[in-house]
Amino acid sequence: MQIHDLPYPDPGLPDARSGPRFLLWLGRNQLGGQFKSLCWGLLHFLSVASLPYGVGFAVQAVVDGSGPRLALAGGLILLLGAALALGDTMLHRTAVTNWITAAARVQQLLARRTAALGAALTRRVAAGEVVAVSTGDVEKIGWFVEALSRFAAAALTVVVVCVGLVIYQPALGIVVAVGMPVLALAVLPLLPRATRRADQQREKAGRATELASDTVAGLRVLRGIGGEELFLDRYRLASQEVRSAAVRSARMWSLISAVQVLLPGLLLIAVVWYGIELARQGRITVGELVTVYSAVMILNYPLRHFEEIAMAYSFSRPSAQRAARVLSLERVTEPGGLRAAEAPAGDLYDPVTGLLAPAGRLTAVVCGDPDLAGRLADRLGGHPTEADTGTGSGAGTETGSGAGTGSGSDSRSGTGSGSASGSGSESDTESESESGSGSGSGPGKPTTPVTALPSVLLGGVPLDELPLGTARTAVLVQDKDPVLLSGTLAELLDVPSSGSVRPEEALAAAQCADVLDALSQASLDDDPMNARITERGRSLSGGQRQRLALARSLVTDPEALVLDEPTSAVDSHTEARIAEGLRALRSGRTTVVLTSSPLLLDRADRVVLVHEGTVAAVGEHRELVLTEPRYRAVVTRETDEEAASAAPSRNAGPSLRAEPGIDDAGIEELTEIEETA
């Protein structure tokens, strides 16, 4: 595989049981590149190691006064120099190719896993760790793969030179042959401690990265509550811990470097002292002494690669463990599905909560628990959450919602414009299991047994039996915190869709007129569709980002659209217009809105109250406000004291219809006043 051939058609199935196994798998999949690098490395190192022979031959020719032999020595040195330059150049090319192709393979594997898991990835692994794995860790893994062939070439060169010296000059060659293994193995006792310190440094750096990532993601909220200084202090403390750990690690590596300078120096002194004695006795010539001396000096160069491979492994091993942890996360259901790749149509039904969203109607769902609403939205996306077998919780145990990593389809409409086929749920909460992976330090930590809850049905078809692309096409979920990737507005709305809804219609329904004006003013192009959106839409307000994300979801026009709090960041007047636009544009299509907003609830065809994980009431908004206390408490934010004081008047509510002075219009007006309160 050459760099210009990237990406890989198929990066393969990694061995993610542990970090070392993953590194071994990478090496096996790059044997061709490793062999090329090894061959060029041997040419380079052997040319370097052969130079002392040419120098010694030239010195002896001068001592003997032989002009032809001196010319021959000069030609030999020139030939070795050319071979050295060629070997060094090609070694660098092949080694860097191995580095880049290995890093690209790992990135493709991570992207494929991210696309399959969606936001479920960030529920298992912290977002900062995902960032660390896909950036710095990938480079360190590539470094080890690149250094492996150079180390092998250096080790073979040391063996060849030692054998050659024993044959060339046995008396001094034996000294070198005995001393070289001692030099190579002398640092082994120091490596475990150096590796532990490097692991501690990487662990602390990963925590600092996670803290920085989470802080940046919530910066707007932190500014709103005045928490910047608190998080700045936390990051400052984490940064100082990383610095201290890095200093401790550097001390150990500096000791290893010092040992690798000191011991070869002692060997060189021993060889020179013993060689001088042999030369005085006439047992060796001056040229032979110069040859052995120069060979010992030159061998310091390949010996340095022993230190490099040790350092590369110590830094890449925890990185490989983190990568293996991410790659070991799997779906319970097969991505290929058990049914034909044909998107079903019909009612959307959740057997766990009993929620039914009739086909072609706008259904609003009210949940008192925001976490339950998020998990329910995940489940409606066709990817059931997991229930802990030890607790038997019925609504699933995963909490929180992630932003997704958006390398596949436009999953959950919060990940920006996707490129893969099919839309889907950003929180594709695929039922997943960790194969022997635990904390961020690597696999091997036991996990709690989990069992998948029954799948949501669309038209009577379990969505987890459909191919992943089909399920994502059939049901799209937009979470409460959608993410906008950088690019133009046209690119943002260029998502896999049915083609029935034009971007202009979606933008109008989502009430994005003021957003378009703002983008036009900030752009040199008068066409707002060509205006650029900054990363995560940070130049826009929360309400503007939310409306653009809603427009993107409407453009997709899936069979079933699930919206989790789509108007939580907009004002009431805009919210009312969005409710009308949403109802009109999605007419005849299945739409589920998880919200507690009276403006949206009042325009829904049916409203469902989900309480403690099950459906507690079904009806229209105005009916449920009067008859269902739990619904009223969620929608109106009514306290227990207010409910107790208002109970007598509500009990008398139905008798008002018998009073001659109050008609249906009056009842409706009173209801509206109550809702406003």
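Everything quoted here is computed from the prediction, not taken from an experiment.

Colleague: Run through helix α1 (residues 19–28), naming residues and quoting values.
Modeller: In an α-helix there are 3.6 residues to a turn, and that puts residues three or four apart on one side. Within α1, burial applies to G19, F22, L23, W25, L26 and G27. Structurally, the start of α1 carries an N-cap: the backbone nitrogen of R21 is 3.4 Å from a side-chain oxygen of S18.

Colleague: Lay out the pairing of strand β16 (residues 590–594) in plain terms, naming residues and giving numbers.
Modeller: In terms of burial, β16 is largely enclosed, as five of its five residues are buried. Of the two faces of β16, the one holding T590, V592 and L594 and the one holding T591 and V593 are both buried throughout. For strand β4 (residues 362–367) and β16, the ladder comprises four bridges, and the chain directions are parallel. Bridged to A364 within β16 is V593. Here strand β15 (residues 560–564) runs beside β16; their pairing, made up of five bridges, is parallel. Bridged to V562 within β16 is V592. Once the chain exits β15 it traverses helix α17 (residues 572–585) before rejoining the sheet at β16, and the crossover so formed is right-handed.

Colleague: Just give me the short version of the sheet that holds β15, but keep the residues and values in it.
Modeller: Spatially, β12-β15-β16-β4-β17-β18 is the arrangement adopted by the six strands of the open sheet, whose pairing is mixed. A strand with exactly one partner marks an edge of an open sheet, and here the two such strands are β12 (475–478) and β18 (614–619). Ignoring which end each strand starts from, the neighbouring axes of this sheet average 20 degrees apart.

Colleague: Give me the lowdown on helix α15 (residues 513–521), citing residues and values where you can.
Modeller: Within α15, burial applies to V515, L516 and L519. When α15 is viewed along its axis, its buried side chains cluster within an angular range of 100 degrees and face the same direction. Opposite the buried face of α15, at more than 90 degrees from it, the exposed residues are A513 and Q521. Against α13 (489–492), α14 (503–509), β14 (532–533) and α16 (542–556) lie the buried residues of α15.

Rules of the game
Residues numbered from 1 in each chain as written. Predicted model: local features only at pLDDT ≥ 70, side-chain atom pairs only at ≥ 80, totals over all residues. Heavy atoms only, no water. Buried < 20%, exposed > 50% of the residue type's maximum accessible area, 1.4 Å probe, protein only. Helix = DSSP H or I, 4+ residues; strand = E, 2+ residues; numbered from the N terminus. Polar contact = N/O pair within 3.5 Å; in protein donor to acceptor, adjacent residues only side chain to side chain. Pairing = 2+ DSSP bridges. Right-handed = clockwise from strand over helix to strand, strands pointing away. Axes fitted to C-alpha atoms, helices over the stretch in contact; angles between N-to-C directions. Arc of directions from axis to C-beta. Contact = heavy atoms within 4.5 Å.

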